[in-house]
Amino acid sequence: MSQIKDAALAIIGAGHAGRAAADLARELAIETVVLDQGHGNGSGNGALVWLIHGDGTICFSRDDTAHELTAQCIILAPGALDRPRLDEAPVAGGAEVPDIQITSALGLEHGWDPIQRFWYPMCGEAGGTSLERIFLAGAVTGRLGQAIAVWQGRRAVRAVAEKLGHDIGEGEQSEPPPAELQTPPSLDAARLNNEQIVCDCEGTTVGEIRRLAALGCDDVNQAKAFARPGAGECQGRRCAVAVAEVLAAARGVAVAEVGYFRQRWPTSPVSLDQLALFQELDDG
Amino acid sequence: MAERNLFDAVIIGGGLHGLSTAIHLSKAGLQVVVLEKDHPGRHASGVNAGGVRRLGRDLAEVPLSVEALKVWHEIEDFVGDDCGYTTCGQIQIAESEAEHEQQRERVAKLRALGFDHERLIDGDEVRRIVPALSPPCVGAIWCAEDGAANPYRTTQAFFRTARAAGADIRLGAEVHAIERVAGHWRAQLKDDALEAPILINCAGAWADRMCRMIGDDAPLEAAAPMLMITEPVEPFITPVLGAVGRMLSFKQFENGTVMIGGGQRGRAAREVNLAGTRLRGMGNSAATVTALFPQLGAVKVMRCWAGIEAMMPDAIPVIGPSAVAEGAYHAFGFSGHGFQLSPIVGRLLCELITEGRSSLPIEAFSITRFQ
Ligand SMILES: Cc1cc2nc3c(=O)[nH]c(=O)nc-3n(C[C@H](O)[C@H](O)[C@H](O)COP(=O)(O)OP(=O)(O)OC[C@H]3O[C@@H](n4cnc5c(N)ncnc54)[C@H](O)[C@@H]3O)c2cc1C
């Protein structure tokens, strides 16, 4: 168990937003750690984040060593995932959904975007959240596109700098560039047939979700408890939207009412040997 | 039609104990309403390890546990579903002579009380039952007739059965206050109130609040035991396995996944329904498993979770009448092992309420022990 030197700022995810944030943080001389699990994708450094606490504690592993560090502020920029295909409608203009595993595990509040058809974590203009040390930037916020990601990454760093008491002068006060609005054709959930698989990992079908709705199952977490959609290998990354849409259609309510999967740390599968690395950890 | 709000009994909490009590009382002809602030199975009853274990129970719990197992063996007769129950056996291993000596004393004590369900076995027999076990093992206690069930399915089946028996089960119905009105109990919801001469507190990790509302007091701690489940691996073990000297409960399911638990605790915040996981506890469980089964080191843990459970200082539940108020009863504080007891406690409460006495001894569970 190694205790990495604490940092003023930790940035999780080194995509457009994360990299822009890291660049500005360096310019402003804010002591920063960047963690990104990608192996050899240019920006990744093999750091797999296991757990983040609202108090700034981060546990991660890299090359079979467990690490813990405390950051005064954290910018989460985990980006977006490919939109899973359920209906056969063309994907034009709507192939991504925010990766909300980490924000859900942190217990942040999420909203449903009925036009872009995905869940996104709530945050303020500068990325601030209900947890005072945690900021968001990039596609995870549901605002997609490179320009806005870079703007959000920099904006979040300025908010962090202010919070840490750094003098950043006037700084740039630019308006945010427009996000790329995705308008995926709405899923005609009522027309899907019962045999269709919604959750690949657990093999949960549309018919099963409909049966649960008829039994009085109100939200996706109840559905997960009863029929396991979202409980497998990908932890709902691929099926979260589809399960919500099918359940909402079966109940005849808005998707916002059926909710999103509650995640628990660690949000990705890890081996028992790796997990055992953390037995000495004191995570309160 | 206006919803009815006068009943024979109001049950607070739609976990397994509330539902079981509702089934028994409804079958006895009482008009029952169950008030559940979330949904059945949202808390301990739906997220536990499903262990159906008599092995190692507190002596006071043994008679109840033995009777409960009889119901588990015929669970379909009780709730119309097999609840995923299998008689896979439960084994508790001893890794040293001192641990095995402790087991000998335990089994002798049970024998003296007339119970022979816990059987001492030697190291050879342990290896026959669990060939995959790595470290040398001196012996074990073996309960071949114990088993495990699926908590989701069980909760669903209890829920359906209670409704079919005539119980009115209200979801999203949080009790905010309890008052005594003209010899009746009135349970106050946000925008409704239900009345009955009988009130039953099955509110799990929130039960101490209900106690205070009726004038009782119970030192309950809301804790969050954690569980984790692995990816599927080749079948290698049948019984549920625990160990004298380690915090462990270990079970492989038919689909090959392995559930790992044993009392490591996460973070509980009952005000916001939160049961969070803790890495250290999970790390400890992982280390225990790989010490016993090194071949599992590379196996991936798919999911970790925790549930909010009511723990009592003496680790046995509160079952029985209120110490101070007439017509009020409790069943809570199951301290990490109430799943197995769920078919029986409801029956005992029903007997208390309808006949004034219970068929099994429950004095040890009286709330007066904390006064
Ligand atoms: C991780 C874990 C593993 C476990 N493993 C096992 C095992 O292997 N074997 C075993 O025998 N036991 C096990 N247990 C214990 C077992 O799950 C519990 O003892 C049992 O489910 C308790 O049932 P209950 O009905 O008392 O509580 P619960 O299931 O918690 O139900 C109480 C209900 O009351 C409701 N409620 C509370 N306050 C109010 C209010 N004011 N108004 C309305 N409703 C209210 C709650 O929402 C809740 O649904 C485990 C527990 C956990 C958490």
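Residues numbered from 1 in each chain as written. Chains lettered and ligands numbered in written order. Predicted model: local features only at pLDDT ≥ 70, side-chain atom pairs only at ≥ 80, totals over all residues. Heavy atoms only, no water.

Asker: Report on the overall build of chain A, specifying residues and quantitative values.
Answerer: Tallying secondary structure elements over chain A gives seven helices and 14 strands in all. The C-alpha radius of gyration of chain A comes to 20 Å, within 12% of the 19 Å expected for a compact globule of 284 residues. Taking all contacts inside chain A whose residues are at least 6 apart in sequence as the whole, residues at least 24 apart take part in 61%. Counting only carbon and sulfur atoms, one obtains 47% of the accessible surface of chain A, whose full area is about 11,900 Å². (Helix = DSSP H or I, 4+ residues; strand = E, 2+ residues; numbered from the N terminus. Rg over C-alpha atoms; globule rule 2.2 N^0.38 Å. Contact = heavy atoms within 4.5 Å. Areas by Shrake-Rupley, 256 points an atom, 1.4 Å probe, with all protein chains shown as cover.)

Asker: Any details on the site of the ligand? Residues and values, ideally.
Answerer: All names here are of chain B. Lining the immediate surroundings of the ligand are 36 residues, of which Glu-36, Ser-45, Gly-51, Val-175 and Glu-309 lie closest. Taking Ala-44, its main chain carries an N or O atom lying 3.2 Å from an oxygen atom of the ligand. Residue Gly-338 places a main-chain N or O atom 3.0 Å away from an oxygen atom belonging to the ligand. Contact with the protein chains covers 96% of the free accessible surface of the ligand, which is 1,000 Å². Elements with a minimum of two residues in the shell around the ligand: α1 (16-27), β2 (32-36) and α2 (44-47). Here the shell around the ligand is composed, by residue class, of 15 nonpolar, 15 polar and six charged. (Near = heavy atom within 4 Å. Polar contact = N/O pair within 3.5 Å; in protein donor to acceptor, adjacent residues only side chain to side chain. Nonpolar A, V, L, I, M, F, W, Y, C, P; charged D, E, K, R; others polar.)

Asker: Tell me about the sheet that holds strand β9 (residues 177-181) of chain B, and please be specific about residues and values.
Answerer: Sheet strands line up and pair through hydrogen bonds in the backbone, either parallel or antiparallel. All names here are of chain B. Within the open sheet, the three strands sit side by side as β9-β10-β11. Their pairing is antiparallel. Of all strands in the sheet, those with a lone pairing partner are β9 and β11 (193-196), marking the two edges. Strand after strand, the sheet turns through a mean of 25 degrees between neighbouring axes, direction not considered. Inspection of the sheet shows strand β10 (residues 184-188) paired to β11 by four bridges, in the antiparallel sense. (Pairing = 2+ DSSP bridges. Axes fitted to C-alpha atoms, helices over the stretch in contact; angles between N-to-C directions.)

Asker: Give a detailed account of the domain arrangement of chain B, specifying residues and quantitative values.
Answerer: All names here are of chain B. Assigned domains within chain B: domain 1 (3-50 + 152-219 + 313-370) and domain 2 (90-144 + 225-306). Summarising the inter-unit geometry, the C-alpha centres of domain 1 and domain 2 are found 31 Å apart. On the side of domain 2, eight residues touch domain 1, which itself brings 12 residues to the contact. Carbon and sulfur atoms supply 40% of the area buried between domain 1 and domain 2, which totals about 800 Å² over both sides. One salt bridge connects Arg-270 with Asp-208, and the closest N-O pair in it is separated by 2.8 Å. A breakdown of the residues in the side of domain 1 that touches domain 2 according to their chemical character gives five nonpolar, two polar and five charged. (Domains from an automatic or database assignment. Buried area = accessible area lost by both parts, 1.4 Å probe. Salt bridge = Lys/Arg side-chain N within 4 Å of Asp/Glu carboxyl O.)

Asker: Go over the interface of chain B and chain A, please, and point to the residues and values.
Answerer: Frequently, the measure chosen for interface size is the accessible area that the parts lose on association. With 33 residues of chain B in contact, the opposing surface of chain A contributes 33 residues. Across the chain B to chain A interface the summed buried area is about 3,000 Å²; carbon plus sulfur atoms make up 57%. Inspection of the region where chain B meets chain A yields zero salt bridges. There are nine residue pairs in polar contact (both at pLDDT 80 or more) connecting chain B and chain A. Those elements that place two or more of their residues in the side of chain B that touches chain A are α7 (151-164), α9 (279-292) and β20 (300-306) of chain B. No other element matches α9 of chain B, which puts nine residues into the side of chain B that touches chain A. Of the residues contributing to the side of chain B that touches chain A, the split by class is 19 nonpolar, seven polar and seven charged. Where strand β14 (residues 270-271) of chain A lies against β20 of chain B, two bridges are found, and the strand directions are antiparallel. Across the sheet, the residue bridging to Val-270 of chain A is Val-301 of chain B, located in β20 of chain B.

Asker: Can you break down the nonpolar core residue by residue, with the values?
Answerer: In this structure, Ile-52 and Ile-58 of chain A together with Ile-91, Ile-93, Leu-241, Phe-250 and Phe-293 of chain B are the most contacted members of the largest nonpolar core, which totals 97 residues. With six residues, the top contributor of residues to this core is α9 of chain B. Beyond its immediate stretch of four places on either side in the chain, Ile-93 of chain B contacts Glu-99, Gln-103, Val-126, Leu-133, Cys-137, Gly-139, Ala-140, Leu-241, Gly-242, Ala-243, Val-244 and Leu-292 of chain B. Counting residues in each nonpolar core, the second largest holds 48 residues, with Ala-9, Ile-11, Ile-169 and Cys-350 of chain B among its members. (Core = buried A, V, L, I, M, F, W, Y, C linked by side-chain atoms within 4.5 Å. Buried < 20%, exposed > 50% of the residue type's maximum accessible area, 1.4 Å probe, protein only.)

Asker: Provide a residue-level description of the layout of surface pockets, including the pertinent values.
Answerer: Of the voids in this model, the second largest pocket is the one considered here, and its volume is about 870 Å³. Around the second largest pocket sit 37 residues that line it, and Gly-84, Asn-150, Phe-253, Glu-254 and Asn-255 of chain B are the ones nearest its centre. Those elements that place two or more of their residues in the lining of the second largest pocket are α4 (206-214) and α5 (220-227) of chain A together with α7, β16 (246-252) and β20 of chain B. Of the residues contributing to the lining of the second largest pocket, the split by class is 17 nonpolar, 11 polar and nine charged. (1 Å grid on protein atoms, 1.4 Å probe; cavity = no way out; pocket = protein on both sides within 12 Å on 5 of 7 lines; lining within 4 Å. Points joined across faces, edges and corners; volume = space filled by probe spheres on them.)

Asker: Residue-level account of the pattern of salt bridges, with values.
Answerer: Residues and elements named next belong to chain B. With the rule as written, the count across this model stands at 29 salt bridges over all chains. The salt bridge involving Lys-70 is made with Glu-67; its shortest N-O contact spans 3.2 Å. In this pair, Lys-70 and Glu-67 are both assigned in helix α3 (residues 62-73), three residues apart and thus about one turn of the helix distant. Glu-271 is paired through a salt bridge with Arg-209; the nearest N and O atoms lie 3.7 Å apart. Taken together, the residues span a long stretch of sequence, with Glu-271 in the loop between β18 (267-269) and β19 (274-276) and Arg-209 in helix α8 (residues 207-214) at a distance of 62 residues. For Arg-209, a relative accessible area of 28% corresponds to the partly exposed category. Here the salt bridges share partners, and the residues they tie into one network are Asp-81, Asp-82, Arg-153 and Arg-160.

Asker: Residue-level account of α5 of chain A, with values.
Answerer: In terms of burial, α5 of chain A is a largely internal element, seven of the eight residues being buried. Contact partners of the buried residues in α5 of chain A: β13 (204-205), α4 and α6 (240-251) of chain A together with α7 and β20 of chain B. Within two residues after α5 of chain A, Arg-228 of chain A carries a phi angle of roughly 75 degrees, on the positive side.

Asker: A description of the pairing of β11 of chain B should follow, citing residues and the corresponding values.
Answerer: Here β11 of chain B shows a buried face lined by Ala-193 and Glu-195 of chain B and a second buried face lined by Leu-194 and Ala-196 of chain B. Counting the residues in the hairpin turn of β10 of chain B and β11 of chain B gives four residues.

Asker: Now, about unusual backbone geometry: what can you tell me, with residues and values included?
Answerer: With omega at -10 degrees, the peptide bond leading from Trp-265 of chain A into Pro-266 of chain A counts as cis. Tracing the sequence through the fold places Pro-266 of chain A in the loop between α6 and β14. One non-glycine residue, Asn-273 of chain B, lies in the positive phi region at around 55 degrees. Residue placement: Asn-273 of chain B occurs in the loop between β18 and β19. Positive phi is not limited to glycine here, since Ser-335 of chain B has a value of about 55 degrees. Looking at the secondary structure, you find Ser-335 of chain B in the loop between β23 (328-332) and α10 (342-355).

Asker: With reference to specific residues and values, describe the sheet that holds strand β1 (residues 9-12) of chain B.
Answerer: Residues and elements named next belong to chain B. Spatial strand order, β8-β2-β1-β12-β23-β22: six strands in an open sheet with mixed pairing. Looking at strand neighbours, the two that pair on one side only are β8 (168-171) and β22 (318-321), the edges of this open sheet. The average angle at which neighbouring strand axes cross in this sheet is 15 degrees, direction not considered. Pairing geometry for β22 and β23, over four bridges, is antiparallel. Bridge pairing in β23 links Gly-320 to His-330.

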